[in-house]
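Chains, contacts and geometry: an overview
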Amino acid sequence: MSRATVLLIEDNAENRYLVTFLLEQRGHEVVSAESGPEGLELAARLAPDLILLDIQLPGMDGYDVARALRRNAALRETPIIAVTSYAMAGDREKALAAGCDGYIEKPIDSETFVAEISAYLPAPAGATP
Ligand code: MN
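Attention here is on the structure that accompanies the text. (Residues numbered from 1 in each chain as written. Predicted model: local features only at pLDDT ≥ 70, side-chain atom pairs only at ≥ 80, totals over all residues. Heavy atoms only, no water.)

Considering the overall build of the chain
The helix and strand tally for the chain stands at 5 helices and 5 strands. Helices (α) and strands (β) of the chain occur, in sequence order from the N terminus, as β-α-β-α-β-α-β-α-β-α. Taking 2.2 N^0.38 as the reference for a compact globule, 129 residues should give roughly 14 Å; the C-alpha atoms of the chain span a radius of gyration of 14 Å, in line with that estimate. Along the three orthogonal principal directions, the C-alpha set of the chain runs to about 40 × 35 × 25 Å. Residue burial in the chain is summarised as follows: out of 129 residues, 44% are buried. The long-range fraction of contacts in the chain, counting pairs at least 24 apart against all pairs at least 6 apart in sequence, stands at 62%. On the chain, roughly 6,800 Å² of surface is accessible, and the fraction owed to carbon and sulfur atoms is 50%. A gap of 6 Å separates the mean positions of the 11 positive and 20 negative side-chain charges of the chain. (Helix = DSSP H or I, 4+ residues; strand = E, 2+ residues; numbered from the N terminus. Rg over C-alpha atoms; globule rule 2.2 N^0.38 Å. Buried < 20%, exposed > 50% of the residue type's maximum accessible area, 1.4 Å probe, protein only. Contact = heavy atoms within 4.5 Å. Areas by Shrake-Rupley, 256 points an atom, 1.4 Å probe, with all protein chains shown as cover. Lys, Arg positive; Asp, Glu negative; His and termini not counted. Charge placed at Lys NZ, Arg CZ, Asp CG, Glu CD.)

Rendered as structure tokens:
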């Protein structure tokens, strides 16, 4: 896996710590935002390879953040994975409809988390023709 820049938009400090630890352990760079507006600003500035988006955020929720990210032409192709503890039926569809490419449920499983998102990370350099 090549080194990727991952933007994590998550208001919970424990989840930020865990996700950052798991990704940095694999050599990725993680930039964190604690709110939707901060995440939008960082996304526009950094053009990350992947965005991990908490849905339950204070103020502007993850669905609104996803829609706003997709309104930025420069971020239209950036993979967005919703990470949510909502257990309600229809959340997955709602996240996809808002512009997310994937959906991971909390609690984060440290054994499988990186594998789950690896399909959305850039391929290793030289691995594809
Ligand atoms: Mn949250």
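Digging into the side chain of histidine 28
Relative to the elements of secondary structure, histidine 28 occurs in the loop between helix H1 (13–25) and strand E2 (29–33). Overall, histidine 28 belongs to the buried group, its relative accessible area being 3%.

With respect to the environment of valine 65
Residue position: valine 65 is located in helix H3 (residues 62–71). Remark: the alpha-carbon pair of valine 65 and valine 30, spanning 35 residues in sequence, is separated by 18 Å. Residues contacting valine 65, with those up to four places away along its chain left out, are Ile9, Gly36, Leu40, Leu53, Leu57 and Met60.

Considering the coordination of the manganese ion
Summarising the metal site, the manganese ion is bound by the protein donors Asp11 (OD), Asp54 (OD) and Gln56 (O), whose distances to it range over 2.0 to 2.2 Å. Mapped onto the polypeptide sequence, the residues donating to the manganese ion form the spacing pattern D-x42-D-x1-Q. Here aspartate 54 lies in strand E3 (residues 50–54) and aspartate 11 lies in the loop between strand E1 (5–9) and H1, a separation of 43 residues in the sequence. For aspartate 54, a relative accessible area of 2% corresponds to the buried category. (Donors = N, O, S within 2.8 Å, 3.2 Å for Na, K, Ca; no water.)

A few points about the pattern of salt bridges
Per the counting criterion, the structure on display carries 6 salt bridges. One salt bridge in this structure joins aspartate 54 and lysine 106, with 2.9 Å as the shortest N-O distance. Taken together, the positions of aspartate 54 in strand E3 and lysine 106 in the loop between strand E5 (102–105) and helix H5 (113–118) put the pair 52 residues apart, joining distant regions of the chain. Neither residue differs from the other here; aspartate 54 and lysine 106 are each classed as buried. Note that aspartate 64 and arginine 67 form a salt bridge whose closest N and O atoms lie 2.9 Å from each other. (Salt bridge = Lys/Arg side-chain N within 4 Å of Asp/Glu carboxyl O.)

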